[in-house]
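Topology and contacts: notes
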Amino acid sequence: MTKQEALFEYVLRKADDTLILGHRLSEWCGHGPVLEEDIALTNLALDLIGQATELYQYAAEVENKGRNEDDLAFLRLEREYKNVLLVEQTNGDFGKTIVRQFLFDHFQSLLYERLMNSADEQIAAIAEKSIKEVKYHLKHSSEWVIRLGDGTEESHNRVQESVTDLSRYIEELFYQDEVDEILIKEGIAADTASFKEEYYNNINAVLSEATLSLPEKMWQLDGGRKGVHSEHLGFLLAELQYMQRTYPGMEW
Amino acid sequence: MTTQELQSQDLWNFLEDVKDPEVPVLSVVDLGVVREIENIENNSWLITITPTYSGCPAMQVIEEGIKERLEQEGIRAQVKTVLSPAWTTDWLSENGRRKLKEYGIAPPVNEVDKSVLFAEQTPVPCPSCNSTNTRMVSQFGSTACKAHYTCNDCLEPFDYFKCLK
Ligand SMILES: [Zn+2]
C-alpha cells in the first residue's frame, strides 16, 4: 500500500463515520421528543455532514481519479463504506441516540485534538475547524447522559440498556491496521492506542456521575473499517442514496 | 471611479453590502468571514473566505453574494474558501456585535472551555433589558451559530450568537 492509498483510505474512513452518523441524526428531523432537541439533533447532523463534505473533498483530491465528494458520498456500494459499526446503529429511543452520540463524541474529540497537529496540512485544518463543533456535541451528549441516567427509574433503565448494548462497538473505534501504521509513521494519523485510556477515563467519569456503568465484559464487534457492516447500513444507504440512484446527477 | 484606482479598501466597503443570509443584520465583513482581499491582476481580485461552521448552508449564498456585488462594480472576483485558521467569534467586529444586540440577538460572551464539562456558565445578558438573570433553553438554536435563551426578568425569549473558539 502506498502512502497515497493509505491517506485516501484514512480520510475516507473518517468521512464515512461523520456522514453516516450525520444521516442517522437527520432521521430525527421532525421526530424529536421536544422541539429544542429536534433542533439540537439536526444541528449536530448539519455539523457532521459539513465535516463529511470537507473530508470527502479532500479524499477525492488525494485519490485523484476524477471523483468528487458527491460521488464518494452517494455512489458507492455498501461494502465500500468504511465507517465504524457504532455510527450506523439505529436511533432507537432518544436515550439510545444520545448514548451512541456520547460514545462517538468523546472519541472524536480526542482524535481531532491530536489531528490538529497532523503533518498533513489539510487534515490538521479540518480537525482544527471541527473540534470547535465537537466540543458542543460532547457537552450536549454528556449532559443528557447524566440527566437520563440519574433521572427516573424508567429513564435510568432504558439508558443503561443502551449503554450495555452499544458498548460492544467501543473497541472498534480504536481499530488500526496497515493504513494507520503507514500514516502514524509519517506523523499524519493519530495513534488511537495513545488516547484509549483517556477515552475510558472520560466516559467512565460521566457514566458514574449518571449512575450508569459499562458492563464488565462485552463481546466486541468490528468489521466496519473493512466494509463488513451490520444489517442496518444497507437500509440507511437505500434512503441516503435514493435521489442520486433514481435521478443520476440531479442537482437542486 | 476608474478601475485603476481601485484599492482593496474599496472592495472591503462594497462587501459591507453583502449580508449573512441567516443573520441579515450582519455583513460578511462584520461576521469575519471575509479574510483577505488580494489583487491578482488589473481588474481581477481574489477574495478569501472561511466558513463559520463546517455545515453552514449559507456559505454558497455568501460566495455568490460576494461575486454578484463585485460584478455590479465591474470587478471580476474569484472566491477561495480556506478552513485554517478556523473561524472564531473573536472575529466578529465591534460594529457587528452592536448590530446583533440592536437586532435582538445577544452577542457572544467569553465562555469557559466547553471541554471542561459542567463548568459554571458565563451569564449571557438579555438583549432587551440587559439583565444577566437569563437561562439557556437549548445550546442549539435556529441556526448553527445560535443558542436559544430566555430572560428570567423580562421573560423575553432570545437568540444568543454563541461563542465559538
Ligand atoms: Zn430581559
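This section reports on the structure supplied with the text. Keep in mind that this is a model prediction, so the values were computed, not measured.

Take the nonpolar core next. Counting 114 residues, the largest nonpolar core has Leu15(B), Ile47(B), Ile66(B) and Phe161(B) as the members making the most contacts within it. Ranked by residue count, the leading element in this core is helix α2 (residues 35-63) of chain A, at 12 residues. Shared between two domains, this core holds at least three residues of each, these being domain 1 (8-81) and domain 2 (92-161) of chain B. Not counting the four nearest positions on each side in its chain, Ile47(B) is found in contact with Leu11(B), Leu15(B), Val34(B), Glu36(B), Ile37(B), Ile66(B), Leu70(B), Ala77(B), Gln78(B), Val79(B) and Lys80(B). Val124(B), Ala147(B), Tyr149(B) and Phe158(B) belong to the second-largest nonpolar core, a separate cluster that totals 10 residues.

All names here are of chain A. Put simply, helix α1 (residues 3-26) and helix α5 (residues 94-115) touch, their axes get as near as 12 Å, and they point 150° apart. By the angle between their directions, the pair α1 and α5 is classed as roughly antiparallel. Note on packing geometry: the crossing formed by α1 with α5 is left-handed. Contacts from Tyr 10, Lys 14, Asp 17, Thr 18, Leu 21, Arg 24 and Leu 25 of α1 reach α5 at Thr 97, Arg 100, Gln 101, Phe 104, Gln 108, Leu 111, Tyr 112 and Leu 115. Taken together, the residues of the contact of α1 with α5 break down into seven nonpolar, four polar and four charged.

Attention now moves to the coordination of the zinc ion. Ideal geometry at a metal gives 109.5 degrees between four tetrahedral donors and either 90 or 180 degrees between six octahedral ones. All names here are of chain B. Those donors, Cys 126 (SG), Cys 129 (SG), Cys 151 (SG) and Cys 154 (SG), are the protein atoms that reach the zinc ion, and they lie 2.3 to 2.4 Å from it. Viewed at the metal, the four donor atoms of the zinc ion are separated by angles of 105 to 116°, and the geometry they form is tetrahedral. Relative accessible area serves as the criterion here: at 32%, Cys 154 is assigned to the partly exposed category.

The rules we used
Residues numbered from 1 in each chain as written. Chains lettered and ligands numbered in written order. Predicted model: local features only at pLDDT ≥ 70, side-chain atom pairs only at ≥ 80, totals over all residues. Heavy atoms only, no water. Core = buried A, V, L, I, M, F, W, Y, C linked by side-chain atoms within 4.5 Å. Buried < 20%, exposed > 50% of the residue type's maximum accessible area, 1.4 Å probe, protein only. Helix = DSSP H or I, 4+ residues; strand = E, 2+ residues; numbered from the N terminus. Domains from an automatic or database assignment. Contact = heavy atoms within 4.5 Å. Axes fitted to C-alpha atoms, helices over the stretch in contact; angles between N-to-C directions. Parallel < 35°, antiparallel > 145°, perpendicular 65-115°, else oblique. Left-handed = near helix turned anticlockwise from the far one by under 90°. Nonpolar A, V, L, I, M, F, W, Y, C, P; charged D, E, K, R; others polar. Donors = N, O, S within 2.8 Å, 3.2 Å for Na, K, Ca; no water. Tetrahedral: all angles 85-135°; square planar, octahedral: opposite > 155°, others 65-115°.

These values are about where atoms sit, not about what they do.
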